[in-house]
Amino acid sequence: EAAVTQSPRNKVTVTGGNVTLSCRQTNSHNYMYWYRQDTGHGLRLIHYSYGAGNLQIGDVPDGYKATRTTQEDFFLLLELASPSQTSLYFCASSERGANTGQLYFGEGSKLTVL
Amino acid sequence: QQQVRQSSQSLTVWEGETAILNCSYENSAFDYFPWYQQFPGEGPALLIAIRSVSDKKEDGRFTIFFNKREKNLSLHIKDSQPGDSATYFCAASGGNYQLIWGSGTKLIIKP
């Protein structure tokens, strides 16, 4: 079974702070995704990638950068964190695009911006 | 604009009953509809999925009924168990690499 590991699991920062969320998948999936989950909104796609060095913009990219350094590793960067970015963040991977294949999710990273 | 809508934020049924979770969508180009199950403290996991060429998909106690003309679908969970208590997300995709997610239905099974 695909394994997706996120770190940190919990993070508290202040407004204007710098945060990096990390994600590693061990099944050599081509696609990786960053979502945020908020009550009443379901999951919203921030950025995704279909391979090392590739980056695609999702539905809610403002205030976020991402980088796919290897097939396994996908990072989400918040360079000037704001309270509106307080959320539960999920990384996911899939062998094929989300419209045809199963997404495998990590356990989530809870971010609080004070 | 919410393109995928789940009509109930929460649903409570008794153990042994059939739980019915509803979902509707707006974009007639959507052709792939997965349901994901999420337990507290975990990420969502694929439960069952259907493509628009079918009107029913069954997997054990879980069945999707799909109505293309009405642009809605429902997830039926037969013989509900307390272990089925979770949040269920309906999602849809129309050929790009993205899923559009509903806001989720929290299902509580009372023993």
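Keep in mind that this is a model prediction, so the values were computed, not measured.

Reading the values: the criteria
Residues numbered from 1 in each chain as written. Chains lettered and ligands numbered in written order. Predicted model: local features only at pLDDT ≥ 70, side-chain atom pairs only at ≥ 80, totals over all residues. Heavy atoms only, no water. Helix = DSSP H or I, 4+ residues; strand = E, 2+ residues; numbered from the N terminus. Buried < 20%, exposed > 50% of the residue type's maximum accessible area, 1.4 Å probe, protein only. Polar contact = N/O pair within 3.5 Å; in protein donor to acceptor, adjacent residues only side chain to side chain. Contact = heavy atoms within 4.5 Å. Buried area = accessible area lost by both parts, 1.4 Å probe. Salt bridge = Lys/Arg side-chain N within 4 Å of Asp/Glu carboxyl O. Nonpolar A, V, L, I, M, F, W, Y, C, P; charged D, E, K, R; others polar. Core = buried A, V, L, I, M, F, W, Y, C linked by side-chain atoms within 4.5 Å. Phe/Tyr/Trp six-rings, centres within 6.5 Å; stacked < 30°, edge-to-face > 60°. Lys NZ or Arg CZ within 6 Å of the ring centre and 35° of its normal. Pairing = 2+ DSSP bridges. Axes fitted to C-alpha atoms, helices over the stretch in contact; angles between N-to-C directions.

Any details on the side chain of A:Q6? Residues and values, ideally.
Residues and elements named next belong to chain A. Inspection of the secondary structure puts Q6 in strand β1 (residues 4-7). With a relative accessible area of 6%, Q6 lands in the buried category. Within polar-contact distance, the side chain of Q6 engages the backbone nitrogen of G108 at 3.1 Å. Engagement of the side chain of Q6 in a polar contact is seen with the side chain of S109, the distance being 3.2 Å. Look past the residues within four positions of Q6 in its chain and what remains in contact with it is S22, W34, Y89, F90, C91, G106, E107, G108 and S109.

An account of the interface of chain A and chain B is requested, with residue identities and associated values reported.
Taken residue by residue, the interface counts 24 residues in chain A and 20 residues in chain B. Between chain A and chain B the total buried area reaches about 1700 Å² when both faces are included, carbon and sulfur atoms providing 53% of it. In terms of surface lost to chain B, no three residues of chain A exceed A:L43, A:N99 and A:F105, which account for 29% of the buried area on that side. In this structure, the connection of chain A to chain B is made through 0 salt bridges. For the pair chain A and chain B, the number of links is 2 residue pairs in polar contact (both at pLDDT 80 or more). For the side of chain A that touches chain B, the per-class residue count stands at 11 nonpolar, 10 polar and 3 charged.

Help me get a handle on the nonpolar core, residues and values and all.
Counting residues in hydrophobic clusters, the biggest one holds 25 residues, and the most contacted among them are B:W35, B:L73, B:L75 and B:Y88. Where this core is concerned, the elements lending two or more residues are β3 (19-25), β4 (32-38), β5 (45-51), β7 (62-67), β8 (72-77), β9 (86-92) and β11 (105-110) of chain B. Listed in part, the 18 residues of the second largest apolar core include A:L43, A:F90, B:Y32 and B:W101.

Tell me what's going on with the packing of aromatic side chains, and back it up with residues and numbers.
Remark: the centre distance and the inter-plane angle together describe each pair of aromatic rings, the angle taken between the planes. Per the counting criterion, the structure on display carries 17 aromatic pairs over all chains. Relative to B:Y36, the ring of A:F105 lies with its centre 6.0 Å away and its plane at 85°, an arrangement referred to as edge-to-face. Residue A:F105 is found in strand β10 (residues 104-105), and its partner B:Y36 is found in strand β4; the two belong to separate chains. Under the relative-accessibility criterion, A:F105 is labelled buried at 11%. Of the residues examined, B:Y36 reaches a relative accessible area of 0% and is grouped as buried. Among the aromatic residues, those joined into a ring-pair cluster are A:Y31, A:Y33, A:Y35, A:Y48, A:Y50, A:F90, A:F105, B:Y36, B:F89 and B:W101. Between the NZ or CZ atom of B:K110 and the centre of the ring of B:W14, over which it lies, the distance is 5.6 Å.

Tell me about the environment of A:V4, residues and numbers included.
Residues and elements named next belong to chain A. Examined against the element boundaries, V4 turns out to sit in strand β1. Once the C-alpha coordinates of V4 and E72 are considered, the two residues, 68 residues apart in sequence, prove to be 9.2 Å apart. In contact with V4, not counting residues within four places along its chain, are C23, R24, Q25, C91, S93, Y104, F105 and G106.

So, the sheet that holds β8(B): which residues are in play, and what are the values?
Residue and element names in this part refer to chain B. An order of β1-β3-β8-β7-β6 is seen for the 5 strands of this open sheet, with the pairing classed as antiparallel. Looking at the sheet topology across the chains shown, the edges are occupied by β1 (4-6) and β6 (56-59). If you compare each strand with its neighbour and ignore which way they point, the axes differ by 15° on average. Bridge analysis of β6 against β7 gives 4 bridges, and the strand direction is antiparallel. Across the sheet, K56 pairs through a bridge with F65, a residue of β7.

Would you mind going over the environment of B:P111 in detail, with residue names and values included?
Residue and element names in this part refer to chain B. Assignment of secondary structure puts P111 in the segment after β11. A C-alpha to C-alpha distance of 10 Å links P111 and E17, two positions 94 residues apart in sequence. P111 has contacts with W14, E15 and P82, leaving out every residue within four places of it along the chain.

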